[in-house]
Amino acid sequence: MPVIVAANPKGGSGKSTTCLILGTTLASQGASVRVIDADPQRTLARWGEGKSSHREIVVTPSSGEDLSLLIDRLQEEFQFVLIDVQGSANQEMVAAMSRADLVLIPMQAKTADADVATRAITLLRSQENLFKRKIPHAIVFMRNSPIIVTREEKQIRGNIETASVPRLTCSINERTAFSHLFAYKRALSELNSKETNGLDEAKHNAVEFTAEVIQLLRKKQGGAV
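Quick summary incoming for the structure in this document. Position numbers for residues count from 1 along each chain, tracking the sequence in the order it is written. For a predicted model such as this one, the threshold for reporting local features is a pLDDT of at least 70, and the threshold for listing and counting side-chain atom pairs is 80 or more; totals across whole chains, interfaces and linings nevertheless cover every residue. To get the side-chain values, all heavy atoms of the structure are used, and hydrogens and water are removed first.

### What about the sheet that holds strand β3 (residues 58–59)?
What counts is decided by this rule: In this analysis, strands are considered paired if DSSP registers two or more bridges between them. Each helix is a run of DSSP H or I of at least 4 residues and each strand a run of E of at least 2, with the numbering of both proceeding from the N terminus. Contacts were defined at the residue level, with two residues in contact if any of their heavy atoms lie within 4.5 Å. Structural elements are reduced to axes, namely lines fitted to C-alpha atoms, with helices fitted over the stretch in contact, and the angle between N-to-C directions of any two is expressed from 0 to 180 degrees.
If you trace the seven strands from one edge of the open sheet to the other, you get β3-β2-β4-β1-β5-β6-β7, paired in parallel fashion. If you trace the sheet from one side to the other, it starts and ends with β3 and β7 (172–173), each paired once. Across three bridges, strand β1 (residues 3–6) lies against strand β5 (residues 102–108) in parallel orientation. Residue pairing in the sheet places V5 in a bridge with V103 of β5. Relative to β5, helix α5 (residues 111–131) is tilted by about 165°, and along the sheet it contacts β5 and β6 (137–144).

### Some details on the pairing of β5
Sheet faces and side chains relate simply in a regular strand, where the side chains alternate between the two faces. The condition that has to hold: Note on exposure labels: buried denotes an accessible area under 20% of the residue type's maximum, exposed denotes more than 50%, and partly exposed covers the range between, all computed with a 1.4 Å probe on protein chains only.
Of all seven residues making up β5, seven are buried, and the element is well covered by its neighbours. Because side chains alternate across β5, one face comprises the buried residues L102, L104, P106 and Q108, and the other comprises V103, I105 and M107, equally buried.

### Considerations on the packing of helix α1 (residues 15–28) against helix α7 (residues 176–183)
To describe two helices that pack against each other, one gives the angle between their axes and the distance between the axes. Applied cut-off: Here the angle decides the label: under 35 degrees means roughly parallel, over 145 means roughly antiparallel, 65 to 115 means roughly perpendicular, and every other value means oblique. Residues are grouped as follows: Ala, Val, Leu, Ile, Met, Phe, Trp, Tyr, Cys and Pro are nonpolar; Asp, Glu, Lys and Arg are charged; every other residue, Gly included, is polar.
It is the contact of α1 with α7, at a shortest axis distance of 11 Å, that shows an interaxial angle of 90°. The orientation of α1 with respect to α7, classified from their angle, is roughly perpendicular. Counted together, S16, T17, L20 and I21 of α1 and F178, L181 and F182 of α7 form the full contact between these two elements. For the contact of α1 with α7, the residue count by class is five nonpolar, two polar and no charged.

### Points about the packing of α1 against helix α8 (residues 199–220)
The N-to-C vectors of α1 and α8 enclose an angle of 90°; their axes lie 9 Å apart at closest approach. Of the possible angle classes, the one that applies to α1 and α8 is roughly perpendicular. Each of T18, I21, L22, T25 and L26 in α1 lies in contact with α8, whose residues at this interface are A206, V207, F209, T210, V213 and I214. Among the residues making up the contact of α1 with α8, the classes are represented as eight nonpolar, three polar and no charged.

Here you go:
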């Protein structure tokens, strides 16, 4: 069963949002999912304290628990295991990378974020050398406008393409609903359209994003997902 890691050294890059959107969308589609919150910020753990019907998908490692063993155990029980890690070259990152079937690198289409994402890819390459295997990965653009593409975004996308860095076609757009996931501690399907503008568009975005991740996993695993 696939293990998906969201990693980026930059705080606030969208790792937790990526995991939550992917995890709750898969769960709402009937998949069995667990999301390990291995980030000291514990953003997902706080979300899991809410009243969402999907709150059980969040798992927080206990103090001193071996993350590799936790991943292995959950991988035997659930269809998808997602991991939100701090992003720096620490023990948790090494453990997550050692088990990853796919690493997603969330970033905004900003020059500063692109520089940090480059460090994330360098870190990933070092893990590939350490484990002597290729680790499938892709950049995920976060919080961009679904309507307007800025000159800076065009340049960054061009640079990524020139560098042959894999990226998802589908971005996670700037949507009120994605912020309300954390504000109300709910899944998209549980939000109220009277309180959350653009909810239908956000749901469509989440489904498209999830579908592309699944498609990428199937490609990497020979259609086994």
